[in-house]
Amino acid sequence: GLRSEVSDDLVILPDWLAAMSEWLRDQPEIIDLIDDRVYTVMPSRSKVFPLVIVTQITDPTATPFAHWAVRTLFQFDVWGGPQSATWTIAETIRALLTQRFARNAWDMTAGPIVAGKVTAGGIRRTTEDVVASLTEDGEEVNRAAPRASFDAAAVLHPGMSSGS
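Residues numbered from 1 in each chain as written. Predicted model: local features only at pLDDT ≥ 70, side-chain atom pairs only at ≥ 80, totals over all residues. Heavy atoms only, no water.

Peer 1: How should I be thinking about the overall build of the protein in this particular structure?
Peer 2: Looking only at helices and strands, one finds three helices and eight strands in the protein. In the protein, the succession of α and β elements from N to C terminus is α-α-β-β-β-β-α-β-β-β-β. Relative to its full complement of 164 residues, the protein shows a buried share of 38%. Counted over contacts in the protein with a minimum sequence separation of 6, partners at least 24 positions apart contribute 62%. (Helix = DSSP H or I, 4+ residues; strand = E, 2+ residues; numbered from the N terminus. Buried < 20%, exposed > 50% of the residue type's maximum accessible area, 1.4 Å probe, protein only. Contact = heavy atoms within 4.5 Å.)

Okay, here's the thing in structure tokens:
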């Protein structure tokens, strides 16, 4: 049968996606731009734009000798708002990842994490083909939703809790 207990020497990695979305929601620059509208899936109701969807694409191990560090690939999709706003939000996230998140340790709800090198890709700007009703700045607008997307790879591994 299956063993229900986890041995003391078994390394279970944190939920990288939960940690990344929480980290972004905690950044003052993101709060200034979009409040706390950073999600891991598109909200089914009460969509207020602009918003960010973070997706974890993969997380292959970076340490062949141990299950300890990963090269996590994330996709960041900024939806809604004028095209200039989606670009500004995407570029702000890229700057935060490469200049603040990288090479630092973070205590997250998913567990303490350490971020090593972060490499961010280029921003892809598109507009959806479908006109939708969007709520922006408290007003309903009907137009196609612009999107700015980019990928970022981060070397991550579990950290030591600071014991708040």
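There is more to say after this.
Peer 1: For this particular structure, what's the right way to read the side chain of Asp 77?
Peer 2: By the secondary structure assignment, Asp 77 is in strand β4 (residues 70–79). A distance of 3.0 Å separates a polar atom in the side chain of Asp 77 from a polar atom in the side chain of Gln 75. (Polar contact = N/O pair within 3.5 Å; in protein donor to acceptor, adjacent residues only side chain to side chain.)

Peer 1: In this structure, what is going on with the environment of Thr 126? I would like to understand it.
Peer 2: Along the chain, Thr 126 falls in strand β7 (residues 124–136). For Thr 126, a relative accessible area of 33% corresponds to the partly exposed category. Put simply, Thr 126 and Ser 149 are 23 residues apart on the chain and 8.3 Å apart in space, counted from C-alpha to C-alpha.

Peer 1: Is there a simple way to explain the nonpolar core in this structure?
Peer 2: Soluble globular proteins tend to pack their nonpolar side chains together in the buried interior. Leu 24, Val 54, Phe 76, Ile 93, Leu 97 and Phe 101 are the most contacted members of the largest nonpolar core, which totals 34 residues. For this core, the elements supplying multiple residues, two or more each, are α1 (16–25), α2 (28–34), β3 (51–58), β4, α3 (83–101), β5 (104–108), β6 (111–120) and β8 (139–158). Apart from the residues lying within four places of it in its own chain, the contact partners of Phe 76 are Met 20, Leu 24, Ile 53, Val 54, Ile 93, Leu 97, Ala 148, Ser 149, Phe 150 and Ala 152. (Core = buried A, V, L, I, M, F, W, Y, C linked by side-chain atoms within 4.5 Å.)

Peer 1: I would appreciate a short explanation of the side chain of Thr 72 in the present structure.
Peer 2: Summarising the element assignment, Thr 72 is placed in strand β4. By relative accessible area, Thr 72 is classed as buried at 0%.

Peer 1: Is there a simple way to explain the packing of aromatic side chains in this structure?
Peer 2: The geometry of an aromatic ring pair is captured by two quantities: the separation of the ring centres and the angle between the planes. One pass over the full model with this rule turns up five aromatic pairs. Note on Phe 74 and Phe 76: the rings are 6.1 Å apart at their centroids and 45° apart in plane angle, and the pair reads as tilted. Assigned by exposure class, Phe 74 and Phe 76 land together as buried. One aromatic cluster is present, built from ring pairs that chain together Trp 23, Phe 101 and Trp 106. (Phe/Tyr/Trp six-rings, centres within 6.5 Å; stacked < 30°, edge-to-face > 60°.)

Peer 1: What should I look at first to understand unusual backbone geometry in this one?
Peer 2: For residues other than glycine, phi is negative in most cases, and the peptide bonds are mostly trans. Here the bond from Phe 49 into Pro 50 is cis, since omega is 0°, no more than 30 degrees from zero. The residue Pro 50 is located in the loop between β2 (48–49) and β3 in this model. Even without being a glycine, Asp 35 presents a positive backbone phi close to 60°. The topology assignment puts Asp 35 in the loop between α2 and β1 (38–39). For Asp 35, a relative accessible area of 44% gives the class partly exposed. The backbone of Arg 103 shows a phi angle near 60°, a positive value even though the residue is not glycine.

Peer 1: Would you take a moment to explain α1 for this structure?
Peer 2: Residues separated by three or four positions in an α-helix point in the same direction, a consequence of the helix having 3.6 residues per turn. For α1, the buried fraction is high: eight of the ten residues fall into the buried class. Of the residues flanking the start of α1, the one acting as N-cap is Asp 15, its side-chain oxygen 3.2 Å from the backbone nitrogen of Leu 17.

Peer 1: Looking at this structure, I do not really get the pattern of salt bridges. What am I missing?
Peer 2: For side chains bearing opposite charge, pairing can occur when the charged atoms are close. Per the counting criterion, the structure on display carries four salt bridges. Between Asp 35 and Arg 37 there is a salt bridge, with the nearest N and O atoms lying 3.2 Å from each other. Assessed through its relative accessible area of 12%, Arg 37 is described here as buried. A salt bridge links Arg 94 to Glu 91, with the nearest nitrogen and oxygen atoms 2.6 Å apart. (Salt bridge = Lys/Arg side-chain N within 4 Å of Asp/Glu carboxyl O.)

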